[in-house]
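These are the residues of each chain, in order.
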Amino acid sequence: SVAWRVSEEAFFEGVPAVSEFKLRASYGLLGNDNISAFQYAELYGTTSYQGRPAIYPSNIPNPDLKWETTAQFDLGIDIGLFNDKLLITADYYNKQTTDLLLSRPLPGSSGFSSVVENIGELENKGVELSLSGQQQFGDLWWTPQLNLSLNRNKILKLYNGQPIDDLGRGGNRIQEGEPLGIFYSFKSLGVDPSTGNIVFADTNFDGEITTDDRVKVGDPNPDFIGGFTNTFAYNGFDLSVFLQFSYGNDVFHGSRLFLESLQGGDNQLASVTRRWRQPGDITDIPAATSDGVKAAENKRASSRFIEDGSYLRVKNVTLGYNFSSTLTSKLHLNSLRVYASAQNLFTFTNYTGLDPEVNYSGNSISVQGTDFFTFPQARAITFGVNLKF
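Residues numbered from 1 in each chain as written. Predicted model: local features only at pLDDT ≥ 70, side-chain atom pairs only at ≥ 80, totals over all residues. Heavy atoms only, no water.

Engineer: So what's going on with the pattern of salt bridges? Which residues, and what values?
Structural biologist: Pairing is possible between side chains that carry opposite charge, provided their charged atoms lie close to one another. Counting across every chain of the model gives 17 salt bridges. The salt bridge involving Lys216 is made with Glu178; its shortest N-O contact spans 2.9 Å. One end of the pair, Lys216, is in strand β15 (residues 215–218); the other, Glu178, is in the loop between β11 (172–174) and β12 (182–185), with 38 residues separating them in the sequence. Residue Lys216 is classed as partly exposed on the basis of its relative accessible area, which comes to 39%. (Salt bridge = Lys/Arg side-chain N within 4 Å of Asp/Glu carboxyl O. Helix = DSSP H or I, 4+ residues; strand = E, 2+ residues; numbered from the N terminus. Buried < 20%, exposed > 50% of the residue type's maximum accessible area, 1.4 Å probe, protein only.)

Engineer: Hey, could you go over the packing of aromatic side chains for me, with residue numbers and the actual values?
Structural biologist: The full count for this structure, using the stated rule, is 14 aromatic pairs. Relative to Tyr40, the ring of Phe38 has its centre 6.5 Å away and its plane inclined at 50°; by these criteria the two rings are tilted. On the basis of relative accessible area, Tyr40 is assigned to the partly exposed category, the value being 46%. Here Phe258 and Phe373 contribute two aromatic rings whose centre-to-centre distance is 6.4 Å and whose plane-to-plane angle is 50°, an arrangement assigned as tilted. Taken together, the residues span a long stretch of sequence, with Phe258 in helix α1 (residues 256–259) and Phe373 in the loop between β22 (370–371) and β23 (380–388) at a distance of 115 residues. Classification of Phe373 by relative accessible area gives partly exposed; the value is 46%. (Phe/Tyr/Trp six-rings, centres within 6.5 Å; stacked < 30°, edge-to-face > 60°.)

Engineer: Now, about the nonpolar core: what can you tell me, with residues and values included?
Structural biologist: Counting 11 residues, the largest nonpolar core is built from Leu100, Leu102, Ile119, Leu122, Ile155, Leu158, Ile164, Leu167, Ile174, Leu180 and Val367. Elements with a contribution of two residues or more to this core: β6 (86–105), β7 (114–133) and β10 (164–167). What Leu102 contacts, discounting residues up to four positions off in sequence, is Val115, Val116, Glu117, Ile119, Leu158, Ile164 and Ile174. (Core = buried A, V, L, I, M, F, W, Y, C linked by side-chain atoms within 4.5 Å. Contact = heavy atoms within 4.5 Å.)

Engineer: Residue-level account of the pairing of strand β5 (residues 68–81), with values.
Structural biologist: Strand direction decides the pairing type here: strand β2 (residues 18–32) and β5, joined by 14 bridges, are antiparallel. The residue of β5 that forms the bridge with Phe21 is Ile79. As paired elements, β5 and β6 share 13 bridges and run antiparallel to each other. Across the sheet, the residue bridging to Phe73 is Asn94, located in β6. (Pairing = 2+ DSSP bridges.)

Engineer: Could you give an account of the sheet that holds β22, naming the residues involved and the relevant values?
Structural biologist: The strand order across the open sheet formed by three strands is β19-β18-β22, and the pairing between neighbours is mixed. The open sheet is flanked by β19 (306–308) and β22, the only strands paired with a single partner.

Any functional reading would require information beyond the geometric quantities listed.
Put into structure tokens, the structure is as follows:
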């Protein structure tokens, strides 16, 4: 890495409004071996067969397995204006990952469902921007900080160009030329007003709806994410408000597969009351049916269950008060502060589920943006006292 603080140069002395101006650049390699241990070796498990001890191969050995490697190039700039009352930090990064560690699907006849191999190449590039500062209005101090991150990822190479398909309940897919975890399934055309049946697009025009008609119907990767923190101080009071947001990401609302299926033992959402009932009805909920084929189509993963997952969340609000030194000295304390804090206070979103930020598969990089009866992030309110002796 290298940096040049241009504002320290003699030729920059004639720019008093700019208190800091620094250019940065870096390049490096990072390894990753985040897979299960001993995947390179020939391993066996033990079991019993007709009452006798037995062993069986538990994995396919891969002696050529090696670390995943990411080469990263960064360019950055730091600017301070008006005696650092406004600070600007901007970074561009480009990450090229080779020997990507992924599970390659295998035919069932092999006795295994997949094998871990170095089968891919991945690109991540984007921009990160931070704006911060401090302003005073009489006895009121305001310290804002805004962070924005725009990341674009793309799969550059897979084993023989073969996609890794049908991952998770939302039909996530890893495919060359596409971002990680795109939603790849059937495109819903809505409900036929004459029959009440759900209609899917015949994308290859062969007259049948088969797996070959699946297309890209969504992307769980956001256009940008960020946060906005505002800290206020007035005499002994302090207030911090943190806003978190995401824009442009899709969510597969898997809970609706069952809660709008009009079948089974699951409670149904109120939306099923607008289901198709008679010819001519215009609605997005198909007819209730006892026909097995039509009932299965009502629960088929498709673009019908893809929703906009953009949101703005009041992530944290904290209000506190610091008692004066006059009082704390009488109590033989160095400081005394009382506060109240609330987390996940409000969420503004068009997503119809409980929480657009959750994923039933945790932090998986391949199964993303899927909500399947996932418990939302809880709202928590905390009261506290800080004493310093």
